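# Geometric and topological summary
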Amino acid sequence: MKTKKDKEARRETAAAGPIDLDAFDIDDPVLPKAIDEGALTSGSFPYDKRLKGSRFEEMLRPLQIELLKLQSAMQKSGERLVVVFEGRDAAGKGGAISVFSEHLNPRHAHVVALAKPTEAERGEWYFQRYIERLPTAGDMVLFDRSWYNRAGVERVMGFCTQAQLETFFRDVPAFESLIVRDGIRLVKIYLKIGRETQLKRFHTRYHDPLKRWKLTEIDLAAMKKWQDYSIAQEEMLTRTHSEAAPWTVILANDKLRARLAAIQVVLSAVEYEGRDASVIGRPDGKIAGSGGTFFAA
């Protein structure tokens, strides 16, 4: 446990310059200045100012109208859509999904955020519990984490064996190809954040009683495993990116920009009746893309 004197010394160090991120003390109610000021541009994020809320709202409304048009067209055509949202803890997956689904008919737009497998599910084929949540005709499913848990948290936290991980990497391209060949539109989005951004968001959650429930013991353990997650992230993106099921990475230090880009990625991937390309535009190429530096840890 840090003493009051220790914490005061850390604050002075933070004010003076960079700090040792591995020594970050989440119990300290004062976020170190270096982390606070460096959060937005951490991880090579290309903007040094956040998108203004007024501009976000101005851009969001027409995109949400396009999402409603997409949903209506899907119900007529019977098309099925799956959107996978992945990313480190506190990357903004839940917030992006919330904005995405805000005005959609919940009877036909389902959010799936599965808890850890039950004892029965651990005895099943790994993909089985996800298959049960795939959409019927006219519906869309938004996965807040997905079968990629195996390549992320399960790998880093030792919840699966190396053999199970390799089996996953071998099987996931075939699994996703089967989904796509059956007519399901599959869009995979990875929200990527810098380390200072993650620490700042963890700190906010930890000290806000209304957000504390979002922070789990696994999240707290993840703070010390940044590099392990980086290695896992890069390998996952590289080995599971395919023509049938490509990844789009969105740099998500700025939540508002990331949410707009996520909607644009989905709308750009699907043709539907009444689609207005001029409204959709293109995802910001500075923060959204595939391969190269986007996949790099």
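Residues numbered from 1 in each chain as written. Predicted model: local features only at pLDDT ≥ 70, side-chain atom pairs only at ≥ 80, totals over all residues. Heavy atoms only, no water.

## Thoughts on the packing of helix H3 (residues 53-77) against helix H12 (residues 255-269)
Selection rule: Structural elements are reduced to axes, namely lines fitted to C-alpha atoms, with helices fitted over the stretch in contact, and the angle between N-to-C directions of any two is expressed from 0 to 180 degrees. Strands here mean DSSP runs of E at least two residues long; helices mean DSSP runs of H or I at least four residues long; both are numbered from the N terminus. What sets the label is the angle itself: under 35 degrees gives roughly parallel, over 145 gives roughly antiparallel, 65 to 115 gives roughly perpendicular, and the rest give oblique. If you view the pair so one helix is near and one far, a crossing is left-handed when the near helix is turned anticlockwise from the far one by less than a right angle, and right-handed when it is turned clockwise. Any two residues having at least one pair of non-hydrogen atoms within 4.5 Å are treated as being in contact. Each residue receives one of three labels: charged for Asp, Glu, Lys and Arg, nonpolar for Ala, Val, Leu, Ile, Met, Phe, Trp, Tyr, Cys and Pro, and polar for the others, Gly being one of them.
Following both chains from N to C, one finds H3 and H12 inclined at 25°, their axes separated by 10 Å at the closest point. As judged from the angle between their axes, H3 and H12 are roughly parallel. Here H3 runs over H12; the crossing is left-handed. Where H3 approaches H12, its residues Gly53, Phe56, Met59, Leu60, Leu63, Glu66, Leu67 and Leu70 are matched on the opposing element by Leu256, Arg259, Leu260, Ile263, Gln264 and Leu267. Per-class residue counts for the contact of H3 with H12 are ten nonpolar, two polar and two charged.

## Comments concerning the side chain of lysine 93
Applied cut-off: Buried residues are those whose accessible area, probed at 1.4 Å on protein chains only, stays under 20% of the maximum for their type, while exposed residues exceed 50% and partly exposed ones sit between those limits. Two residue types count as positive, namely Lys and Arg, and two as negative, namely Asp and Glu; His and chain ends fall outside the count. Whenever Lys or Arg places a side-chain nitrogen within 4 Å of a carboxyl oxygen from Asp or Glu, that contact is recorded as a salt bridge.
Tracing the backbone shows lysine 93 in helix H4 (residues 93-101). Despite its burial, lysine 93 remains without a salt bridge, the nearest opposite charge being carried by aspartate 144 at 5.1 Å. With near-sequence residues (within four places) excluded, lysine 93 lies in contact with Phe85, Glu86, Gly87, Arg88, Asp144, Arg145 and Leu191.

## Remarks on the layout of surface pockets
Inclusion rule: A cavity here means a set of 1 Å grid points, computed over protein atoms only, where a 1.4 Å probe fits but cannot escape. A pocket is an open set with protein on both sides within 12 Å along at least 5 of 7 lines, and lining residues have an atom within 4 Å of a point. Grid points are joined across faces, edges and corners, and a volume is the space filled by probe spheres set on the points.
Computed from the structure, the largest pocket encloses a volume of approximately 1,700 Å³. Along the walls of the largest pocket sit 48 residues, with Asp89, Lys93, Arg145, Asn149 and Asp219 positioned nearest its centre. Put simply, the parts of the chain that give the lining of the largest pocket at least two residues each are H4, helix H5 (119-122), helix H7 (153-156), helix H8 (162-181), helix H9 (195-206), helix H10 (217-222) and H12. For the lining of the largest pocket, the per-class residue count stands at 16 nonpolar, ten polar and 22 charged. In this model, the second largest pocket occupies a volume close to 300 Å³. Around the second largest pocket sit 20 residues that line it, and Gly43, Ser44, Lys192, Ala296 and Ala297 are the ones nearest its centre. Elements supplying a minimum of two residues to the lining of the second largest pocket: H9, helix H11 (226-240) and helix H14 (292-295). When residues in the lining of the second largest pocket are grouped by element, the largest group, three residues, is from H11.

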